[in-house]
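# Structure at a glance
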Amino acid sequence: MRILVVEDDGALAEVVAEGLRDQGMPVDLAHDGLVAAANLDVTAYDVVVLDRDLPGLHGDVLCQMITERADRPMVLMLTAAGAPGDRVSGLTLGADDYLAKPFHFPELVLRIRALARRRPDARPRTLRAAGIELDPVRRTAVRDGRHLALSVKEFAVLEALLRAHPGFLSAEDLLERVWDEHADPFTNTVTVTVGRLRRKLGEPPIIATTPGVGYRIVRSAPSP
């Protein structure tokens, strides 16, 4: 699940982004509407957290542009205007949910996860393959009945691989889905994280690697 936070208050945007990253969500930031529109043209997002009063391109206009996209993300409008009339007008523009400032961060997280599940192409809540059961909402992962104690990034990598199953994800795919736009494409962080995840998953190995192609979940993979 990849998130775009569009907020012109730089301090608030950083707090929201870091909090969501701590929840295992890759997050990109845009501080005005024009930058956000450019991001939407090059990256597929699941949810856009959208401030209403934006420079460059007003949030209302950006929201309408998003709703006209064929494969559009869900929109959570985040604004200081919290009167009932403001909420109604925001939803009329095409926003899928509305949260007034100030807000409680746990509520923001719950609303984002709920919106991601409502996307037309959303997968079932519990992801299952090769003896793994992963619940992205409860943040639990089990292999053959054994609870897996995973870090935030290990959990996110496993979730991405399960969502792609039975297909492959390249290291570049994982950088895009699990990290964010600032990730160094030349880093070995994907290799290191997959290595730690393999050790925690135990035997027999279920993450297969095909050189030049990427990683995928299989029932039983040869040792890397």
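Residues numbered from 1 in each chain as written. Predicted model: local features only at pLDDT ≥ 70, side-chain atom pairs only at ≥ 80, totals over all residues. Heavy atoms only, no water.

Within the secondary structure layout, D96 lies in the loop between α4 (84–92) and β5 (97–100). Of the residues examined, D96 reaches a relative accessible area of 16% and is grouped as buried. There is a polar contact of 2.8 Å between the side chain of D96 and the side chain of R72. (Helix = DSSP H or I, 4+ residues; strand = E, 2+ residues; numbered from the N terminus. Buried < 20%, exposed > 50% of the residue type's maximum accessible area, 1.4 Å probe, protein only. Polar contact = N/O pair within 3.5 Å; in protein donor to acceptor, adjacent residues only side chain to side chain.)

What the 4 strands build is an open sheet, ordered β6-β7-β8-β9; its pairing is antiparallel. Strands with a single pairing partner mark the edges of an open sheet, and in this sheet they are β6 (127–129) and β9 (146–147). With 2 bridges connecting them, strand β8 (residues 140–143) and β9 associate as antiparallel partners. Bridge pairing links V142 to H147 in β9. (Pairing = 2+ DSSP bridges.)

Let us now look at the nonpolar core. A general trend in soluble globular proteins is that nonpolar side chains are found buried together. Ranked by size, the top nonpolar core spans 29 residues in total, and within it V157, L158, L162, L174, L201, I207 and I217 carry the most contacts. Those elements giving two or more residues to this core turn out to be β6, β7 (132–135), α6 (152–164), α7 (171–178), α8 (189–201) and β11 (214–217). Residue contacts for V157: discarding those within four places in its chain leaves L174, V178, W179, T193, V194 and L197. Core analysis: the second largest hydrophobic core is formed by 21 residues, L29, V47, L108 and I112 among them. (Core = buried A, V, L, I, M, F, W, Y, C linked by side-chain atoms within 4.5 Å. Contact = heavy atoms within 4.5 Å.)

The strand order β2-β1-β3-β4-β5 describes an open sheet built from 5 strands, whose pairing is parallel. Here the strands that pair on one side only, and so sit at the sheet edges, are β2 (27–30) and β5. Taken pair by pair, the neighbouring strands of this sheet meet at an average axis angle of 20°, ignoring direction. Pairing between strand β3 (residues 47–51) and strand β4 (residues 74–79): 5 bridges, direction parallel. Counted as the bridge partner of V47 is M74 from β4. In this fold helix α3 (residues 59–67) packs onto β1 (3–6), β3 and β4, with an angle of close to 160° to the strand it touches most, β3. (Axes fitted to C-alpha atoms, helices over the stretch in contact; angles between N-to-C directions.)

Turning to α3, its buried residues number three or more, namely G59, D60, L62, C63 and I66. One side of α3 carries all its buried residues, which in axial view fall inside an arc of 160°. (Arc of directions from axis to C-beta.)

Here we take up the packing of helix α2 (residues 33–42) against α3. Viewed as axis vectors pointing N to C, α2 and α3 meet at an angle of 15°, and their least axial separation amounts to 10 Å. Here α2 is positioned roughly parallel relative to α3, judged by the angle of their axes. Both α2 and α3 take part in a crossing whose hand is right-handed. Contacts from G33, A36, A37 and L40 in α2 reach L62, M65 and I66 in α3. (Parallel < 35°, antiparallel > 145°, perpendicular 65-115°, else oblique. Left-handed = near helix turned anticlockwise from the far one by under 90°.)

Let's shift gears to the environment of V178. As for its placement among the helices and strands, V178 is situated in helix α7. Residue classification places V178 among the buried residues on the basis of a relative accessible area of 1%. In sequence terms V178 and V157 are 21 residues apart; their C-alpha atoms lie 6.3 Å from each other. The contact partners of V178, leaving out residues within four places of it in the chain, are P26, K153, A156, V157 and A160.

In a regular helix each residue adds 1.5 Å, so 13 residues correspond to 18 Å; α8 covers 18 Å between its end C-alpha atoms and thus fits that length. Turning to α8, its buried residues number three or more, namely V190, T193, V194, G195, L197, R198 and L201. Positive phi appears at G202, one or two residues downstream of α8, with a value of about 80°. (Expected span 1.5 Å × (residues − 1).)

Here the focus is unusual backbone geometry. In this model, K101 is joined to P102 through a cis peptide bond whose omega is -10°. Looking along the chain, the bond that leaves H165 and enters P166 is cis, with omega of 10°. Take P166: it is sitting in the loop between α6 and α7. Even without a glycine there, the phi angle at A130 is positive, about 55°.

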